[in-house]
Amino acid sequence: MAKPPLTLYLAAPRGFCAGVDRAIKIVEMALEKWGAPVYVRHEIVHNKFVVDGLRDKGAVFVEELDECPDDRPVIFSAHGVPKSVPAKAAAREMVYVDATCPLVSKVHIEAQRHSDNGLQMIMIGHEGHPETVGTMGQLPEGEVLLVETVEDVAGVEVRDPDRLAFVTQTTLSVDDTADIVAALHARFPAIVGPHKEDICYATTNRQEAVKAMAPKCDAMLVVGAPNSSNSKRLVEVGARAGCAYAQLVQRATDIDWRSLEGIASVGITAGASAPEVLINEVIDAFGDRYDMTVEMIETAVENVEFKVPRVLRVPA
C-alpha cells in the first residue's frame, strides 16, 4: 500500500544549545578525570535520555547537597544554584564544578550589581523552576520579588517604586515577557532593565524558527521534556503562530498518530536540552509511515561555544 505524502518542515536552529552542550561535557570530563561516581545536584539538563545516558556512565543525580558524600566531586546543573549551595560545598571542603550556563551566570551577576546599587529586584520567571530558584538565591530573602504574569505586576508590593530593577529567566517566551516588561515599565517608570535581553540567544532563535514554520504546518511536534521550560514555550509559540496542533513529545514512542490522521504537513523542532538522536528518531518514525519530503526552515545560524571550567582542562 502506498504511503500518504507528507511535507516535514525541520526548524533550524533546534535542539542542543551551547550551555547544554557545555554542561553535558562537564559531567563527561569529570567522570574521565575523577572516575565514577561523580555526583550531580539536580538533572544536569532537563532531558531524561541525556540524564539516563550519564547515569549509565557513572553520574549519580541527587536533589540536594546533603545527599552527596564529602569525598566525591559534585557538579551543579546548567540551571544555576543559590549562593548557599557552593558556600556549603566549600565549608565541607568538597570538590565541586559549577556547570551553570554562562548566560544564566550573567543574570546572577546583573542581579548582584543592581542589589549592590541599592535596588530591589523583580524577577520574571516560573516559580519553583531551578533557574528561578538559583537566581533568586543570589540575594538575601525578600530582595528578589517574583512575577510570572502581567496580572502579577499589578499586585507586587515593593519597598520603593523608584529603586527597582528587573531580570528574567533565560528560557521564557519572548512575546509573553515583552508584555510583562511593558506592564512593569507602566507601573514603575523608574525601573531599570538589563543592558541586553536576559532571554538567551538559543531560546529566542528556536522561538523565531517556530514562528516561521508554524503557519505552514497542519501539526507541529516539539521534542523535549515535560519539565523543560524552553521546550514548553516552543509548543505555546507554535500554537500562537497559527499551528492548529502543537504538542510536546519526549521521543518517537510518545507520538499520538491518531491525532495526526489526514495531515499533509508537520513541523519538527526541539528544545535546547533535546539531543539530535531523539529528533532523528521522530523523523524516522514519520518516514516509516509517510512518503516524506523534508524542508528546512532556517532563521539563524548558531556558532556559540562556551569553555568548560579550567579545573577540568588540567590533569588530575
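Only a predicted model underlies this, so the values are computations on that prediction, with no experimental measurement involved.

Engineer: How should I be thinking about the layout of surface pockets in this particular structure?
Structural biologist: Space left empty within the atom packing is revealed by a probe, the size of a water molecule, rolled over the atoms. When its volume is computed, the largest pocket comes out at roughly 180 Å³. If you trace the largest pocket, you find it lined by P82, V133, M136, G137, L139, P140, E141, G142 and V144.

Engineer: Would you take a moment to explain the nonpolar core for this structure?
Structural biologist: General note: in soluble globular proteins, nonpolar side chains tend to be found buried as a group. Core analysis: the largest hydrophobic core is formed by 31 residues, its most contacted members being V27, I44, V45, L54 and I75. Looking at this core, the elements with two or more residues in it are helix 1 (18–34), strand 2 (38–41), helix 2 (48–57), strand 3 (59–62) and helix 4 (102–116). Excluding anything up to four places from it in sequence, V45 contacts V20, A23, I24, V50, V51, A78, H79 and S273. Residues L221, Y245, I268 and V282 belong to the second largest nonpolar core, which totals 23 residues.

Engineer: Just checking my understanding: could you explain the pattern of salt bridges for this structure?
Structural biologist: For side chains bearing opposite charge, pairing can occur when the charged atoms are close. Under the counting rule described, the total for this entry stands at 15 salt bridges. The shortest N-O distance in the salt bridge between E276 and R14 comes to 2.9 Å. Within this pair, whereas E276 is found in helix 10 (residues 276–289), its partner R14 is found in the loop between strand 1 (5–12) and helix 1, the two being separated by 262 residues in sequence. When the shortest N-O distance is used, the salt bridge between E236 and R233 registers 3.0 Å. Placement of both E236 and R233 in helix 9 (residues 229–240) is noted, with a separation of three residues, approximately one turn of the helix. Its relative accessible area of 34% is what places E236 among the partly exposed residues.

Engineer: What is the right way to read the packing of aromatic side chains from this model?
Structural biologist: The description of an aromatic ring pair rests on the distance of the ring centres and on the angle between the ring planes. Here the structure, examined in full by the defined rule, presents three aromatic pairs. Ring plane angle 65 degrees and centroid distance 4.8 Å describe the contact between W257 and F286, whose orientation is recorded as edge-to-face. Highlighted residues: W257 in the loop between strand 10 (246–249) and strand 11 (265–270) and F286 in helix 10, separated in sequence by 29 residues. Aromatic ring contacts, followed pair by pair, group W257, F286 and Y290 into a single cluster.

Engineer: Hey, could you run me through the packing of helix 1 against helix 2 in this one?
Structural biologist: The angle between the axes and the distance between the axes are what describe a pair of packed helices. Remark: helix 1 packs on helix 2, axes separated minimally by 10 Å, with the N-to-C direction vectors making an angle of 5 degrees. Our classification of the angle between helix 1 and helix 2 gives roughly parallel. Contacts from I24, V27, E28 and L31 in helix 1 reach V50, L54 and K57 in helix 2. Partitioning the contact of helix 1 with helix 2 into residue classes produces five nonpolar, no polar and two charged.

What counts, and where the lines are drawn
Residue numbering note: each chain is counted from 1, following its sequence as written. In view of the model being predicted, local features appear only for residues whose pLDDT reaches at least 70, and side-chain atom pairs are presented and counted only at 80 or more, with totals across whole chains, interfaces and linings using the full set of residues. Heavy atoms from the whole structure form the basis of all side-chain values; hydrogens and water molecules are not counted. A cavity here means a set of points on a 1 Å grid, drawn over the protein atoms and nothing else, where a 1.4 Å probe fits but cannot get out; a pocket is an open set with protein on both sides within 12 Å along at least five of seven lines, and a residue lines either one if it has an atom within 4 Å of a point. Grid points are joined across faces, edges and corners, and a volume is the space filled by probe spheres set on the points. In these notes, a set of buried Ala, Val, Leu, Ile, Met, Phe, Trp, Tyr and Cys residues joined through side-chain atoms within 4.5 Å is what counts as a nonpolar core. Type-normalised accessible area, obtained with a 1.4 Å probe on protein chains alone, sets the label of each residue: buried when under 20%, exposed when over 50%, and partly exposed for intermediate values. Secondary structure follows DSSP: runs of H or I at least 4 residues long count as helices, runs of E at least 2 residues long count as strands, and numbering of each begins at the N terminus. We call two residues contacting when some pair of their heavy atoms lies within 4.5 Å. Whenever a carboxyl oxygen of Asp or Glu lies within 4 Å of a side-chain nitrogen of Lys or Arg, that contact is scored as a salt bridge. Centre distance within 6.5 Å is the pairing criterion for rings of Phe, Tyr and Trp, where only the six-membered ring of Trp is used; planes under 30 degrees apart are then read as stacked, over 60 as edge-to-face, and the remainder as tilted. Here an axis means a line fitted to C-alpha atoms, over the contact stretch when the element is a helix, while the angle between two N-to-C directions is reported on a 0 to 180 degree scale. Here the word oblique covers every angle except those under 35 degrees (roughly parallel), over 145 (roughly antiparallel) and from 65 to 115 (roughly perpendicular). Residues were grouped as follows: Ala, Val, Leu, Ile, Met, Phe, Trp, Tyr, Cys and Pro as nonpolar; Asp, Glu, Lys and Arg as charged; and all remaining residues, including Gly, as polar.

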